[in-house]
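Read off the chains here:
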Amino acid sequence: NARLQSGLANPLDEAVNAAAKKAALDLGAVLKVDEIPYDFVRKCLSVVAADAGGTRTLITKGALDKILALCTSAGADAAPLEAALRERIEARFEEWSGQGYRVLGVASRVVDARTGPYTRADEQGLNFDGFLLFMDPPKADVRQTLTDLAERGVQLKIITGDNRKVARHVAEAVGLPVGSVITGRELNDMGDDALMHAAGQATVFAEVDPNQKERIILALQKTGHVVGYMGDGINDAPALHTADVGISVENAVDVAKDAADFVLLRTDLRILREGIDEGRITFANTLKYILTTISANFGNMFSMAVASVFLPFLPLLASQILLNNFLSDIPAAAIAGDAVDEEWVARPQRWDTVFIRNYMVLFGLVSSLFDFLTFGALLWLFQATAEEFRTGWFIESLLTELVIALVVRTRRPFYRSRPGNWLLASTALVIGFTLVLPYLPASALFGFVPLPAPLMLTMIGLTLAYVLAAEGAKKFFYARLAGAG
């Protein structure tokens, strides 16, 4: 049966063929006559084979309960399959399943030769020949991996077509907490609302078909979970396609690999943990860039609009605005490789546009407040010319945009979270260049003029004050957010 079946390759048939090869069984004289393919309703597969003498035998293997339902006798002596014998067979099945074995049944009968195909109707009156036992022990490091994932807020669930005892044994072997095991038969009796509740509570789902796997994924998604699903068989394809992240392995069937978003090239579950960490780091740094950019740009544009109302000259020239954006983008690009605080990786984060909007408004207004203080100092304290005004505000606006990245990149006080080396070095480099820019020979090309020392010190002082104000605003913002939560 395993050698001649033409369906998709699977580990169980591969194990049977490997055992036959090890035992040096010669099947050269056996010819395949016909096949009744596997399906998820019958849960069995039959092959009709002819031996050297021409005798045709229908050989069926599959889920034990499905096989027994097709049998009328058992054993080498073809004893009638009465209730007592059936109970002994089922007792062995329960015992082996409890030990973690996956158990299949094998049955057969001699069939008449015919010219037409053999059908499911021929799968009856079989003789139960025995059991096939398979053991697939968990990997040695799986417990630690599951512990690491749980510490990161990832809930693990087992969804399998295996029987409930095997599923429970595997879950207990790897250290997953197991309450009640929900079976496919119970899922059929559940409405969508009941399943949404049960899916969040249960850890193990057993004896489920492909459509039920997909239904479980949908129920988890409807309750607000982001769902990753890992599978390698044809029966996993619907769930892999439906999950937010489908994960398969290199030796999986092609259908599963095609449905997956990621295919693991190494059979190492630690890759999942590393992938989650890398994803959260990427999310954190992406959010840092957005918060830095929108808060600084919102503040600068608001300040520019207000200044244009009462100033008799342009607050900044077009070339100065472009240079400001170019210089500020140098350290902003380094945010992609910035160091990330542990709390960003410890728990899953969600995209929240309301959070981003509120952050932008608060920090943009803080930035504008210091822009207005700069305007006041330049116009009334130093009676700056148009060129000095533009130079002074260019320096202040660029310095504040550079330092705000160091403040908003962490929820901790900025001095308790060390930036990545590239971010720190590029920020320091651009700050140094900004401070000397007005005194360079080529600065006149951009409309800059050298500033008196008191005016330059005032711009630096306002920038330092801005850092303290932004730190205070951050503390207020997150305290209010925690209170609202």
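Procedures and definitions
Within every chain, residues take consecutive numbers counted from 1 along the sequence as written. The predicted nature of this model means local features are confined to residues of pLDDT at least 70 and side-chain atom pairs, given and counted, to a pLDDT of 80 or more, with totals for whole chains, interfaces and linings taken over all residues. Water and hydrogen atoms were dropped before computing side-chain values, which therefore reflect all heavy atoms in the structure. Segments assigned H or I by DSSP are reported as helices when at least four residues long, segments assigned E as strands when at least two residues long, and all are numbered from the N terminus. The contact rule is simple, with two residues in contact once any of their heavy atoms fall within 4.5 Å. Partly exposed describes any residue whose relative accessible area lies between the buried limit of under 20% and the exposed limit of over 50%, with all areas from a 1.4 Å probe on protein chains only and scaled to the type maximum. Neither His nor the chain ends contribute to the count of charged residues, in which Lys and Arg are positive and Asp and Glu negative. By salt bridge we mean one thing: a side-chain nitrogen of Lys or Arg within 4 Å of a carboxyl oxygen of Asp or Glu. A pair of strands is labelled paired if DSSP reports no fewer than 2 bridges between them. A fitted line through C-alpha atoms represents every axis, and for helices the fit uses only the stretch in contact; the resulting angles, taken between N-to-C directions, go from 0 to 180 degrees. The span you would expect from a helix comes to 1.5 Å times its residue count less one. As used here, the arc is the angular range of directions from the helix axis to the C-beta atoms. Two rings belonging to Phe, Tyr or Trp (six-membered ring only in the last case) form a pair when the distance between their centres is within 6.5 Å. Interplanar angles under 30 degrees mark stacking, angles over 60 mark edge-to-face geometry, and anything in between is tilted. Side-chain atoms within 4.5 Å are what join buried Ala, Val, Leu, Ile, Met, Phe, Trp, Tyr and Cys residues into a set we call a nonpolar core.

A word on the environment of Trp-96
Next up, step 1: Along the chain, Trp-96 falls in helix 3 (residues 83-98).
Next up, step 2: For the pair formed by Trp-96 and Ser-108, sequence separation is 12 residues and the distance between their alpha carbons is 22 Å.
Next up, step 3: Those residues within four positions of Trp-96 in sequence are excluded, and the remaining contacts are Tyr-101, Val-103, Phe-131 and Leu-133.

Description of the environment of Val-467
Next up, step 1: Relative to the assigned elements, Val-467 resides in helix 17 (residues 453-484).
Next up, step 2: Residue classification places Val-467 among the buried residues on the basis of a relative accessible area of 12%.
Next up, step 3: Residues Val-467 and Thr-400, 67 residues apart in the sequence, show an inter-C-alpha distance of 7.7 Å.
Next up, step 4: If sequence neighbours within four positions are ignored, Val-467 has contacts with Val-403, Val-407 and Phe-414.

With respect to the side chain of Arg-280
Next up, step 1: Following the sequence through the fold, Arg-280 ends up in helix 11 (residues 270-310).
Next up, step 2: Buried Arg-280, no salt bridge; nearest opposite-charge side chain is Asp-277, N-O distance 5.5 Å.

Here's the deal with the sheet that holds strand 11 (residues 228-230)
Each strand in a sheet pairs with another by means of backbone hydrogen bonds, the pair being arranged parallel or else antiparallel.
Next up, step 1: If you walk across this open sheet you meet the three strands as 11-12-13, and the pairing is parallel. Where the open sheet ends on each side, the last strands, each with one partner, are strand 11 and strand 13 (262-264). In this sheet, adjacent strand axes meet at a mean angle of 25° when their direction is disregarded.
Next up, step 2: Examined bridge by bridge, strand 11 and strand 12 (residues 245-249) share three bridges and lie parallel to one another. Each bridged residue has a counterpart across the sheet, and for Tyr-229 the counterpart in strand 12 is Gly-246.

A short note on helix 1 (residues 11-22)
Next up, step 1: With 12 residues, helix 1 extends 16 Å from end C-alpha to end C-alpha; this agrees with the ideal 16 Å at 1.5 Å per step.
Next up, step 2: Considered for burial, the residues of helix 1 that qualify are Leu-12, Asp-13 and Ala-20. Projected onto a plane normal to the axis of helix 1, the buried residues spread over an arc of 100° and lie on a single side. Among the exposed residues of helix 1, those pointing more than 90 degrees away from its buried face are Pro-11, Lys-21 and Lys-22.

Examining the packing of aromatic side chains
Next up, step 1: The full count for this structure, using the stated rule, is 20 aromatic pairs.
Next up, step 2: With 6.3 Å between their ring centres and 55° between their planes, Tyr-359 and Tyr-478 make a pair best called tilted. Residue Tyr-359 is located in helix 14 (residues 353-381), and its partner Tyr-478 is located in helix 17; the two are separated by 119 residues in the primary sequence.
Next up, step 3: The class of Tyr-359 is buried, set by a relative accessible area of 0%.
Next up, step 4: A relative accessible area of 13% means that Tyr-478 is categorised as buried.

Side note on the side chain of Thr-434
Next up, step 1: With respect to the helices and strands, Thr-434 occurs in helix 16 (residues 421-436).
Next up, step 2: For Thr-434, a relative accessible area of 0% translates into the label buried.
Next up, step 3: Among all residues touching Thr-434, those that are not within four sequence positions of it are Ile-395, Leu-398, Leu-399 and Leu-402.

Side note on the nonpolar core
Next up, step 1: Core analysis: the largest hydrophobic core is formed by 46 residues, its most contacted members being Phe-355, Tyr-359, Phe-363, Leu-378, Phe-394, Ile-395 and Ile-404.
Next up, step 2: Mapped onto this core, the elements with two or more residues apiece are helix 11, helix 12 (318-334), helix 14, helix 15 (386-408) and helix 17.
Next up, step 3: Take this core: its biggest share by element is 12 residues, from helix 15.
Next up, step 4: Contact partners of Phe-394, with chain neighbours within four places excluded, come to Leu-316, Gln-320, Leu-323, Asn-324, Leu-327, Leu-437 and Phe-448.
Next up, step 5: In this structure, Ile-217, Val-227, Val-249 and Leu-264 belong to the second largest nonpolar core, which totals 27 residues.

Everything listed here is a matter of geometry and, on its own, says nothing about what the molecule does.
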